[in-house]
Amino acid sequence: GDDNSGRKVIIFSCCRMPPSHQLNHTRLLEYLKYTLDQYVENDYTIVYFHYGLKSLNKPSLKWLQTAYKEFDRKYVSKRLVLPSLVFNILLTIPFSFPRYKKNLKALYVVHPTNFIKILWNIFKPLISHKFGKKITYLNYLSDLGEHLKYNQLNIPQEVIRYVHDENLQRKQKGKLPPVVKVPPPRPPLPTQQFGVSLQYIKDKHKGELIPPVMKETVSYLKSKGLQVEGLFRRSASIQTIKDVQKLYNQGKSVNFDDYHDIHIPAVILKTFLRELPQPLLTFDCYDRILGITSVESCLRVTRCKQIIQGLPEHNYVVLKYLICFLHMVSQESIYNRMTASSLACVFGLNLIWPSKGTASLSALVPVNLFTELLIDFYMNIFNSRTVPGE
């Protein structure tokens, strides 16, 4: 899933850890490294569900030391892995190491114990103030909704049952959890562009196929952002993004020069794609896209072309416009470091996601591969279909 700033979310659930004597800790370490490598080049968020960590499944100190040395040797950073592995033991370690520290923007600790908080207070003087601000304790699962769409996360049933049992106990004691007030849904504004369908935007903007927010962000980034290092990898101020969204939804003009931050239009573009009611590549294409890895390498571009040809006309036009731009960005990778592969990691899950739940980790490889092929072979894949009004 994504948080409210569009950053990828990594979840660690202690209740999923088997008893220590049954766990192959070497494979666990390799899995952690593999998972982290998917995201650490971009801004990301960690959600740590502490419930379920017991003496039975707590990793040994010897293994933690091995993990520490391994990440120190290869990545030069433990700020992400160790606090999120067994938070109540490893607060002694997140002190330096720039690679993970740099792009980790938030660490949410859900259902922390008093022992965790005590340890945090003990080691807080040794941890940089900047990193300390990234850690947020959440006593209630509902509190997570203020920071990200937790209903899109794959939350273990054990945690959900724990929350349910906790609420029952509080109800019996007369202590109810805080009520989260959800305002009733409002009908979209005539000028709205975020959270509405492509057809809605087209109908309200004189039949334009390319949504104005896409046209303006792409145009701005073409003129001023193609050679910016790390374009699309960085996040921006949450409040600023909300302000810009509000301006667009109200039909007001946006001048990105006023914000003095090239990453704002980049985040706005990703946010627009992510908030579409249906992904640009459509739910119907999800399973076929996941099957791309089973296709022979020499036939994959052809398969991509076949899948794209089946898109509705409007989706096809908008996708072609976007991929054309991303292809341009990849051509400047010597300056911006954003190759087709890097861009695919950023945009893949903003272009396609399942109709129910969230994409699994195993879906990342085919989704990113499919997106990379679209960008790398843009001219080949989009050269045979023309749409009236394009």
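Conventions we followed
Numbers given to residues run from 1 along each chain, matching the order in which its sequence is written. In view of the model being predicted, local features appear only for residues whose pLDDT reaches at least 70, and side-chain atom pairs are presented and counted only at 80 or more, with totals across whole chains, interfaces and linings using the full set of residues. In computing side-chain properties, one takes all heavy atoms of the structure into account and sets aside hydrogens as well as water. The helix count covers DSSP runs of H or I at least four residues long, the strand count covers runs of E at least two residues long, and both are numbered beginning at the N terminus. Relative accessible area decides the class of each residue, using a 1.4 Å probe on protein chains only: under 20% of the type maximum gives buried, over 50% gives exposed, and in between gives partly exposed. Here a residue-residue contact requires only that any non-hydrogen atoms of the pair lie within 4.5 Å. The Shrake-Rupley method, run with a 1.4 Å probe, gives the accessible areas here. Residue values count only the displayed protein chains as cover. Following DSSP output, two strands are said to pair if at least two bridges run between them. Think of each axis as a best-fit line through the C-alpha atoms, taken over the contacting stretch in the case of a helix, with angles from 0 to 180 degrees between the N-to-C directions. Here, expected helix span is obtained from the residue count minus one, scaled by 1.5 Å. Here the aromatic set is Phe, Tyr and Trp, taking the six-membered ring for Trp, and pairing holds for ring centres within 6.5 Å; pairs whose planes are under 30 degrees apart are stacked, those over 60 apart are edge-to-face, and all others are tilted. Within this scheme, the nonpolar core is defined by two criteria: the residues are buried Ala, Val, Leu, Ile, Met, Phe, Trp, Tyr or Cys, and they are joined through side-chain atoms within 4.5 Å. For this analysis, a salt bridge means a side-chain nitrogen from Lys or Arg found within 4 Å of a carboxyl oxygen belonging to Asp or Glu.

Per an unreviewed UniProt entry, the recorded name for the protein is RHG08 protein, and the organism is Climacteris rufus.

Participant: Hey, could you run me through the overall build of the protein in this one?
Facilitator: Within the protein, the secondary structure is distributed over 19 helices and four strands. Counting every position in the protein, which comprises 390 residues, the buried fraction comes to 51%. Restricting the contact set of the protein to residue pairs at least 6 apart, pairs at least 24 apart contribute 78%. Split by element, the accessible area of the protein, about 19400 Å² in all, is 52% carbon and sulfur.

Participant: Which parts of the structure should I look at to understand the sheet that holds strand 3 (residues 104-110)?
Facilitator: Sheets are built from strands that pair by backbone hydrogen bonding, the pairs being arranged parallel or antiparallel. Reading across from one edge, 1-2-3-4 is the order of the four strands in this open sheet, with parallel pairing throughout. Each of the sheet's edge strands pairs with one partner strand only, and the pair in question is strand 1 (8-13) and strand 4 (135-138). Neighbour to neighbour, the strand axes of the sheet diverge by 20 degrees on average, direction disregarded. Bridge count between strand 1 and strand 2 (residues 44-49): six bridges; the pairing is parallel.

Participant: In this structure, what is going on with helix 11 (residues 238-249)? I would like to understand it.
Facilitator: Its 12 residues place the ends of helix 11 16 Å apart at the C-alpha level, agreeing with the 16 Å of an ideal helix rising 1.5 Å per residue. Regarding helix 11, the residues found buried are T240, I241, V244, Q245, Y248 and N249. If you follow the buried residues of helix 11, they end up packed against helix 10 (212-224) and helix 12 (263-274).

Participant: Please explain the packing of aromatic side chains as it appears in this structure.
Facilitator: The description of an aromatic ring pair rests on the distance of the ring centres and on the angle between the ring planes. In the structure shown here, the tally under the stated rule is eight aromatic pairs. With a centroid separation of 5.4 Å and 35 degrees between ring planes, the pair formed by Y378 and F382 is classed as tilted. Using a relative accessible area of 10% as the deciding quantity, one classes Y378 as buried. Connected via pairs of aromatic rings, a cluster forms that spans F194, Y248 and F272.

Participant: So what exactly am I meant to see when it comes to the nonpolar core here?
Facilitator: Residues F232, I308 and F347 are the most contacted members of the largest nonpolar core, which totals 68 residues. Counting residues per element, this core draws most heavily on helix 15 (residues 313-331), at nine residues. Once you skip the residues sitting within four places of it in the chain, F232 turns out to touch L221, A266, L269, K270, F325, L326, V329, L343, V346 and F347.

Participant: Sorry if this is basic, but what is going on with the pattern of salt bridges here?
Facilitator: Should their charged atoms come close, side chains of opposite charge can pair. According to the stated counting rule, one finds two salt bridges in the structure shown. For E208, the salt bridge is made with K215, and the minimal N-O distance between the two is 3.6 Å. Residue E208 is classed as partly exposed on the basis of its relative accessible area of 32%. Here K215 falls in the partly exposed class, since its relative accessible area comes to 35%. As a salt-bridge pair, D257 and K224 come within 2.8 Å of each other at their nearest N and O atoms. Of this pair, D257 sits in the loop between helix 11 and helix 12 while K224 sits in helix 10, and the two are 33 residues apart along the sequence. Note on K224: relative accessible area 45%, which makes it partly exposed.

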